[in-house]
Amino acid sequence: MIINLPKAKSLKGILSPPADKSISHRALIFAALAKNEIIINNILEAEDCLTTLEALNKFGFKIGRLSTGRYLAKKLDNKIISEPQNIIDCKNSGTTMRLLAGLASSIAGLTILTGDDSLRNRPMQRIIDPLTKMGAEIFSRSDGLAPLAIRGGELQKNFYFSPQIASAQLKSAILLAVANGGMAVEINEPAVSRDHTERLLALAGENIKYGLGKIIYQKDQSDLYLPDLLEIPGDFSSAAYFIGLALILSKSEIIIKEVGINPTRTGLLEILDNMNAKIEILNRHQLGNEPVADLKINYSQLKGTVISGSVIPRMIDELPLLAVIAGFAEGKTIIKDAAELKVKETDRIEMLALELRKLGYQISTNWDGMTIYGRENIKPNEVRLDCYQDHRLAMALAVAGTALTKKIILKNADSVNISYPDFFRDLRNLAIF
Ligand code: S3P
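What you see is a predicted model, and the numbers here were worked out from it, not measured in a lab.

Novice: What should I look at first to understand the nonpolar core in this one?
Specialist: Nonpolar side chains tend toward joint burial in soluble globular proteins. Within the largest apolar cluster, 78 residues are counted, with the highest numbers of intra-cluster contacts made by Phe 242, Ile 256, Ile 335, Leu 410, Phe 423 and Phe 424. Other than its neighbours up to four places away in sequence, Phe 423 contacts Tyr 241, Phe 242, Met 395, Ala 398 and Val 416.

Given below as C-alpha cells:
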C-alpha cells in the first residue's frame, strides 16, 4: 500500500487511541489459561493480536466475539489448552512467538512456531536457552532462528533467571511457562521492562511480587482465575505518534483520552519533559491493574537531550519517533544503549536513518544508537519514503514527512495494520492541512 499525505500545519482535537497491543496479547493468553468465564473489553483487533488469537485456537482455545473489541471466553472444558493440531504461524509478531514458546514449554507435546521473513530472522536463542534450562526441548534453525520445534511437558520445580537483556517478551515467556506449569521462579532483569504480565498475574490473585526488576512468582497447583471483566486501556505506544506530531507542529493542541501510562512504558514522557515538552497528565485513574490518564499536548520549542541506560527498555518502541522529534529540537540528541532496535521488525537504527536523511535529517548511526544533529533546511515538494513493512517506521516516518514536505509518499505503509489500523484515518482527522 502506498500512502500520500500533504503537509500538515497543525494538530487539533481529541484522540481515543487504539487498545494496547501488549496487553491485548496477554489478555487473550490469560483468558485461555483462566478457568472462569471472562469478558474482555477493548481487545486490539489489529494483525498482531489476531495472530495470537488464531494461534490460541490451534491450542484448542475458543473465544467468542461479542462486538468490536469485546470478547467472551466461556467456562468450558475446551479452555484446557493442549498440544496444537498444526504448526502455528506467528506471522510478524515477536510477542506471539516468544510468549507462546513459553506456554508451549509447559504443554505436553509438540508445538511448531514459524513466522514471516522478518520474524524468522529475529533472535530466539534468548528464549531457547532459559526454556531449555527449565526442561523443555527446543530445536531451531542455526543461530537460534525460527521455525522453533518445542517439546514441552514437566518443567523443573525451581528456576532462577538473570537475563542479559531487559526484554518483556523474554520475561513473559518464562512467567507463562511457570503460570501453566506450576513451579517457582525468580527473575532479575538488568533494567525494568514492561510489566503487564506481572500485573495480570497479580490481578488473577497469583503469588507474585515484582518491582525494580526483581520478580518472584510461585505457582501452586491451583487453577488461575481472572476478574469476570477485563478492560484494556489505550496504547501509549500508538498515542505517541500524535504526541510527537503535536509537539512539532506549531499552534497544535490535542487531548489523548484513556491512554495507559504504566511507568514501565512511559520513558518517552520523561525524556520529552527533559526536552521542554508541554504535556499535562490529567484524570489519572486505574483500569484493571493498569494506570490510565488523559494527556494534553501543546506545541513546544524543544531542546536536544541524551537518552541512554535504564530508560531505553521503557521507551524501546518510541525511539524511532523520538529520533524524528529530535530533528525539530535545538541542539543535538544522542541515543545510546539501544542495540535492541537492530533486532526489531527491521533494523530500526539503519532503516530509519536512511529514510530520515531523505528529509534532510543529519544523523550518524552506530551499533547501539544514533545521534541526530538537526536538519538541513531543504524544502522538497515531494519525498518518497520506504517503511520496509515495519509499522513503527511507517508511523514515525508519516510524522516526519507530513510535518516537513508538501507531499509525502510512503511505500509499504500498510504495516500500520500490525498495531494501529486506523492510524492514517486518525491523522487525517486531527491534522489541519
Ligand atoms: C513487547 C515487548 C517489547 C516491545 C514489543 C512488545 C511485549 O519487546 O518492543 O513491541 O508486548 O512484551 P522486547 O520485550 O523484546 O524488548
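That shown, we press on.
Novice: Which parts of the structure should I look at to understand the packing of aromatic side chains?
Specialist: Both the distance between ring centres and the angle between the ring planes are used here to describe each pair of aromatic rings. Overall, the coordinates contain six aromatic pairs when judged by the stated rule. Each ring, one from Phe 159 and one from Phe 161, has its centre 5.9 Å from the other, and the planes form 25°; the classification is stacked. Residue Phe 159 shares its accessibility class with Phe 161, and that shared class is buried. An aromatic cluster of at least three residues, connected via ring pairs, comprises Tyr 241, Phe 242, Tyr 420, Phe 423 and Phe 424. Over the ring of Phe 328 we find Arg 375, and its NZ or CZ is 4.3 Å from the ring centre.

Novice: Mind showing me how you'd approach the sheet that holds strand E9 (residues 145–152) here?
Specialist: Two orientations exist for strands paired in a sheet by backbone hydrogen bonds: parallel and antiparallel. If you trace the four strands from one edge of the open sheet to the other, you get E6-E7-E9-E8, paired in mixed fashion. Sheet topology places strand E6 (88–89) and strand E8 (137–141) at the edges, where each strand pairs with a single neighbour. Summarising the sheet, E8 and E9 pair through four bridges and their orientation is antiparallel. Within the sheet, the bridge partner assigned to Arg 141 lies in E9 and is Leu 145. Of the strands in this sheet, E8 and E9 are in contact with helix H4 (residues 125–134), which crosses E8 at around 160°.

Novice: So what exactly am I meant to see when it comes to the domain arrangement of the protein chain here?
Specialist: A common way to report how large an interface is uses the accessible area buried once the components associate. What the domain assignment reports for the protein chain is domain 1 (2–19 + 233–432) and domain 2 (21–220). Taken over C-alpha atoms, the centre of domain 1 sits 28 Å from the centre of domain 2. Between domain 1 and domain 2, the residue contacts involve 27 residues of the former and 28 residues of the latter. Regarding the contact of domain 1 and domain 2, the summed buried area is about 2300 Å², with carbon and sulfur atoms giving 50% of it. Looking at the side of domain 1 facing domain 2, the largest losses of area belong to Ala 19, Asn 289 and Ile 418, adding up to 26% of the total buried there. Applying the counting rule to domain 1 against domain 2 returns three salt bridges. The partner of Arg 122 in a salt bridge is Glu 345, with the nearest N and O atoms 3.8 Å apart. Run the count over domain 1 and domain 2 and you get 13 residue pairs in polar contact (both at pLDDT 80 or more).

Novice: Sorry, what's going on with the pattern of salt bridges here?
Specialist: Opposite charge on two side chains lets them pair, provided their charged atoms get close. Using the criterion set out here, one finds 30 salt bridges in the structure. The closest approach of N and O atoms between Arg 194 and Asp 317, which form a salt bridge, is 3.2 Å. Placement of Arg 194 in the loop between strand E11 (184–188) and helix H6 (196–203) and of Asp 317 in the loop between strand E18 (306–307) and helix H9 (319–326) is noted, with a sequence separation of 123 residues between them. Look at the salt bridges and you will find they share partners, linking Arg 122, Arg 194, Asp 317, Glu 345, Arg 348, Asp 390 and Arg 392 into a network.

Novice: In this structure, what is going on with the site of the ligand? I would like to understand it.
Specialist: Around the ligand, the neighbouring residues are Ser 22, Arg 26, Thr 95, Arg 98, Ser 167, Ala 168, Gln 169, Arg 194, Ile 316, Asp 317 and Lys 344. Measuring from an oxygen atom of the ligand, one finds a side-chain N or O atom of Ser 22 at 2.7 Å. Ser 167 is positioned such that a nitrogen or oxygen atom in its side chain is 3.0 Å from an oxygen atom of the ligand. In this structure the site holding the ligand corresponds to the largest pocket. Of all the elements in the fold, those that place two or more residues in the shell around the ligand are helix H1 (21–33), helix H3 (94–105) and helix H5 (168–181).

Novice: I keep staring at the pairing of strand E7 (residues 109–114) and nothing clicks. Help me out?
Specialist: Look at any regular strand and the pattern is simple: side chains alternate between the two faces of the sheet. Where E6 meets E7, two bridges bridge the pair, whose relative direction is parallel. By the bridge assignment for E7, Asp 89 is matched with Thr 114. Handedness of the crossover is the feature at issue here: the chain leaves E6, passes through H3, returns alongside E7, and the resulting connection is right-handed. Direction of pairing for E7 relative to E9: antiparallel, over a ladder of five bridges. What sits directly across from Ile 112, in E9, is Ala 149.

Novice: How should I be thinking about the packing of H3 against H5 in this particular structure?
Specialist: Helix-helix packing is described using two parameters, namely the angle between the two axes and the distance between the axes. Contact geometry for H3 and H5: axes closest at 7 Å, N-to-C directions at 35°. Here H3 runs over H5; the crossing is right-handed. Side by side, H3 and H5 meet where Gly 94, Thr 95, Arg 98, Leu 99, Gly 102 and Leu 103 of the first sit next to Gln 169, Ser 172, Ala 173, Leu 176, Ala 177 and Asn 180 of the second. Of the residues in the contact of H3 with H5, the class split is five nonpolar, six polar and one charged.

Novice: Sorry if this is basic, but what is going on with the pairing of strand E10 (residues 158–161) here?
Specialist: Only one face of E10 is buried, namely the one carrying Phe 159 and Phe 161, since none of Asn 158 and Tyr 160 on the opposite face is buried. As paired strands, E10 and E11 are joined by four bridges and run parallel to one another. Residue pairing for E11: Tyr 160 is matched across the bridge by Glu 186. Chirality of the crossover, the property in question, places the unit of E10, H5 and E11 among those that are right-handed.

Novice: Can you help me understand the environment of Thr 96 in this one?
Specialist: Relative to the helices and strands, Thr 96 is located in helix H3. Judged by relative accessible area, which is 1%, Thr 96 ranks as buried. Residues Thr 96 and Leu 200 lie 104 residues apart in sequence; the distance between their C-alpha atoms is 17 Å. Ignoring sequence-local partners within four residues, the contact set of Thr 96 consists of His 25, Asp 48, Thr 51, Thr 52, Ala 55 and Cys 90. Side-chain polar atoms of Thr 96 contact the side chain of Thr 52, separated by 2.8 Å.

Cut-off values and rules
The residue numbering used here restarts from 1 in each chain and proceeds along that chain's sequence as written. Per-residue local features are limited, in this predicted model, to residues with pLDDT of at least 70; the limit for side-chain atom pairs, both in listing and counting, is 80 or more; totals at the level of whole chains, interfaces and linings are taken over all residues. Think of the side-chain values as coming from all heavy atoms in the structure, minus any hydrogens and water. Residue types Ala, Val, Leu, Ile, Met, Phe, Trp, Tyr and Cys, when buried and joined through side-chain atoms within 4.5 Å, form a set referred to as a nonpolar core. With a 1.4 Å probe rolled over the protein chains alone, any residue whose accessible area is under 20% of its type maximum counts as buried; one over 50% counts as exposed, and the rest are partly exposed. By definition in these notes, contact holds between two residues if any of their heavy atoms fall within 4.5 Å. In this analysis, rings of Phe, Tyr and Trp, with Trp reduced to its six-membered ring, are considered paired at centre separations within 6.5 Å, and the interplanar angle assigns stacked below 30 degrees, edge-to-face beyond 60, and tilted for intermediate values. Whether a charge sits over a ring depends on NZ of Lys or CZ of Arg being within 6 Å of the ring centre and within 35 degrees of the ring normal. Strands were regarded as paired on the criterion that DSSP finds at least two bridges between them. Per the convention used, a helix needs a DSSP run of H or I reaching at least four residues, while a strand needs a run of E reaching at least two, with both numbered from the N terminus. The axes used here are C-alpha line fits, helices contributing only the stretch in contact, and every angle between their N-to-C directions lies in the interval 0 to 180 degrees. The source of the domain bounds is an automatic or database domain assignment. Buried area is understood as the total, over both parts, of accessible area removed when two parts are fitted together, assessed with a 1.4 Å probe. Whenever a carboxyl oxygen of Asp or Glu lies within 4 Å of a side-chain nitrogen of Lys or Arg, that contact is scored as a salt bridge. In protein, a polar contact means a hydrogen-donor-capable atom and an acceptor-capable atom, both N or O and within 3.5 Å, with residues adjacent in sequence counting only if both atoms are side-chain atoms; elsewhere, any N or O pair within 3.5 Å suffices. What makes a residue near a molecule or strand is one non-hydrogen atom of that residue sitting within 4 Å of it. Only protein atoms enter the calculation, which uses a 1 Å grid: trapped sets of points that fit a 1.4 Å probe without letting it out are cavities, open sets showing protein on both sides within 12 Å along at least five of seven lines are pockets, and any residue with an atom within 4 Å of a point is a lining residue. Placement in a cavity or pocket follows one criterion, namely that more than half of the molecule's atoms lie within 2 Å of its grid points. With the strands pointing away from the viewer, any crossover whose connection runs clockwise from the first strand over the helix to the second is right-handed. Definitions for this section: a left-handed crossing has its near helix turned counterclockwise from the far helix by less than a right angle. A right-handed crossing has that turn clockwise. For this scheme, ten residues count as nonpolar: Ala, Val, Leu, Ile, Met, Phe, Trp, Tyr, Cys and Pro. Four count as charged, namely Asp, Glu, Lys and Arg, and the remainder, Gly too, count as polar.

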